[in-house]
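Descriptive analysis of the structure
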Amino acid sequence: MARRLTAQLPLDAWHRARGARMVPFAGYEMPIQYTGEGGGIVAEHEWTRTSAGLFDVSHMGQVLLSGEGLDEAVEAILPIDLSTLTLGRQRYSLLLDENGGVLDDLMVSRWPGNLYLVVNGATKWDDIGHLREHLPDAITLHHMDEHALLALQGPKAVDALARHATGEYALSDLTFMRFGRFEIAGHLVTIARAGYTGEDGFEISIPAEAAEEIATLLCAEPEVRPIGLGARDSLRLEAGLPLYGHDLSPEISPIEAGLIFGINKRRRSEGGFLGAERVQSEIANGPAKTRIGLKVDGRLPAREGAKVFAADKEIGVVTSGGFSPTLGAPIAMAYVDPAHAGEGQALEIEVRSKRLSATVSPMPFVPHNYYRGS
């Protein structure tokens, strides 16, 4: 029998029992969409926009860092200002190589005495190796592979989750990019108000052995349905969020990617992190290319790798593209010459040997609905 080349999620059998079509992704077998009533990428996309979708993102890496001199050690690697990251808050940051290329984008949270990182599934083993290589021996790295990760996303996510999450304060007290410790069905969990869809929602770190019980409990709520990778991708594209391995790579800098907000103000001027020389140079002088949004005329989507033109001049390439269910039109992200990145500029994309008209659009394509408090 052939050796299995992909790993299984803790919820593998749970997904299959619900009609999931499983595909290889980031080294795991993952649900791309579900069959039956309410299933399919467009239906799942629209359900998440209007109600609440449950995504299994247990392929992502959860890492806990601790030890003496932790903040100083991490700041030597990440362009983050940890002096302003207080207990109960999380922040977007970037893992860069020595040349300022993006190795990964990640979330950093301040736990009591620890820093908790969530990294992308496709890069987590390389990320862990990179961290171990560059962190001093005094820092302990624990890969939390005994935990699963669920994302409950959508405008009704708070209603469904609040019926089950109990803690020292109400779930509704969490605002965007804050987290807390709660209990669900007797299991201690960590819940952050964040996500990758542009909608309000939560990411829930749970013991792997409790994943099936908690997923079943949440999907029993009338607002909640399981959602696959297909809708996750179309949602994040509408939200203008880059995907590692497509819109981000070691060949791309955070300035080119438009992610300067992931480099805190103090670090932009002081440097002192891996890749700082390139980052500071591009802040001062501008990058060689820049990530833009494109709205495409007609119905034919432009996919990754399609060439972008200004008149007869090739100026860039599409890195993500697809049909937007919310807008009813194709959209894309691309890297182009900054001289052609102005909002409203008319460009063309080559698709199937045809030139499609496109217009540079601000991102997000669909407004974010993060909950920042009343």
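Every value quoted in this text rests on a predicted model; they were computed, and no experiment measured them. (Residues numbered from 1 in each chain as written. Predicted model: local features only at pLDDT ≥ 70, side-chain atom pairs only at ≥ 80, totals over all residues. Heavy atoms only, no water.)

**Let's talk about the packing of helix H2 (residues 41–50) against helix H7 (residues 229–238)**
Two elements in contact, H2 and H7, have axes whose closest approach is 8 Å; the angle formed by their N-to-C orientations is 55°. With respect to H7, the axis of H2 lies oblique. As H2 runs across H7, the sense of the crossing is right-handed. Between H2, through Ile41, Glu44, His45, Thr48 and Arg49, and H7, the contact on the second element is made entirely by Gly230, Ala231, Ser234, Leu235 and Glu238. In the contact of H2 with H7, the residues fall into 3 nonpolar, 4 polar and 3 charged. (Axes fitted to C-alpha atoms, helices over the stretch in contact; angles between N-to-C directions. Helix = DSSP H or I, 4+ residues; strand = E, 2+ residues; numbered from the N terminus. Parallel < 35°, antiparallel > 145°, perpendicular 65-115°, else oblique. Left-handed = near helix turned anticlockwise from the far one by under 90°. Contact = heavy atoms within 4.5 Å. Nonpolar A, V, L, I, M, F, W, Y, C, P; charged D, E, K, R; others polar.)

**Remarks on the packing of aromatic side chains**
Counted under the stated rule, the structure contains 5 aromatic pairs. Ring centres 6.5 Å apart and planes at 40° place the aromatic pair Trp111 and Phe179 in the tilted group. Here Trp111, found in strand E7 (residues 102–111), pairs with Phe179, found in strand E11 (residues 179–184); they are 68 residues apart in sequence, far enough to count as distant. The class of Trp111 is buried, set by a relative accessible area of 9%. Ring pairing ties together the aromatic residues Trp111, Tyr116 and Phe179, which thus form one cluster. Between the NZ or CZ atom of Arg181 and the centre of the ring of Trp111, over which it lies, the distance is 5.2 Å. (Phe/Tyr/Trp six-rings, centres within 6.5 Å; stacked < 30°, edge-to-face > 60°. Buried < 20%, exposed > 50% of the residue type's maximum accessible area, 1.4 Å probe, protein only. Lys NZ or Arg CZ within 6 Å of the ring centre and 35° of its normal.)

**Re unusual backbone geometry**
Residue Pro364 follows Met363 across a cis peptide bond; omega there is 10°. Here Pro364 is to be found in the segment after strand E20 (354–361). Positive phi is not limited to glycine here, since Ala26 has a value of about 55°. For Ala26, the position within the fold is in the loop between strand E2 (20–25) and strand E3 (28–34). Ala26 sits in the partly exposed class, given a relative accessible area of 24%.

**Side note on the pattern of salt bridges**
Scanning the entire structure with this criterion turns up 18 salt bridges. Residues Arg49 and Glu238 are paired through a salt bridge, measuring 2.8 Å at the closest nitrogen-oxygen approach. Of this pair, Arg49 sits in helix H2 while Glu238 sits in helix H7; the two residues are 189 residues apart in sequence, bridging distant segments of the chain. Here Arg49 matches Glu238 in class, with each residue buried. A salt bridge links Glu348 to Arg355, with the nearest nitrogen and oxygen atoms 3.1 Å apart. You can call Glu348 partly exposed: its relative accessible area is 26%. Through salt bridges with shared partners, a single network forms among Glu75, Asp81, Arg266 and Glu270. (Salt bridge = Lys/Arg side-chain N within 4 Å of Asp/Glu carboxyl O.)

**Some thoughts on the sheet that holds E3**
Where strands meet in a sheet, backbone hydrogen bonds hold them as pairs that are either parallel or antiparallel. Pairing in this open sheet of 3 strands is mixed, and the strands run E1-E3-E2 from one edge to the other. The two strands at the open ends of the sheet, each matched to only one other strand, are strand E1 (7–8) and E2. With 2 bridges connecting them, E1 and E3 associate as parallel partners. The residue of E3 that forms the bridge with Gln8 is Glu29. (Pairing = 2+ DSSP bridges.)

**Focus on the nonpolar core**
Generally speaking, soluble globular proteins have nonpolar side chains that are buried together. With 34 residues, the main nonpolar core has Leu94, Tyr116 and Leu248 as its most contacted residues. Contributing elements (two or more residues each) for this core: strand E6 (90–96), E7, strand E8 (114–119), strand E10 (147–153), H7 and helix H9 (276–285). Aside from chain neighbours lying at most four places away, what touches Leu248 is Tyr92, Val102, Asp105, Pro242, Leu243, Ala257, Leu259 and Tyr335. Counting residues in hydrophobic clusters, the runner-up holds 30 residues, among them Ala20, Leu54, Leu174 and Phe202. (Core = buried A, V, L, I, M, F, W, Y, C linked by side-chain atoms within 4.5 Å.)

**A look at the environment of Arg278**
Summarising the element assignment, Arg278 is placed in helix H9. Along the sequence, Arg278 and His246 sit 32 residues apart, while their C-alpha atoms lie 21 Å from each other. Setting aside anything within four residues of it in sequence, one finds Arg278 in contact with Asn99, Gly100, Gly101, Pro250, Glu251, Ile252, Ser253 and Glu256.

**Topic: the pairing of strand E13 (residues 201–207)**
The element E13 is extensively covered by neighbouring structure, given that 7 of its 7 residues are classed as buried. Relative to E13, E10 runs antiparallel, the two sharing 7 bridges. By the bridge assignment for E13, Leu152 is matched with Phe202. Inspection of the sheet shows strand E12 (residues 187–192) paired to E13 by 3 bridges, in the antiparallel sense.

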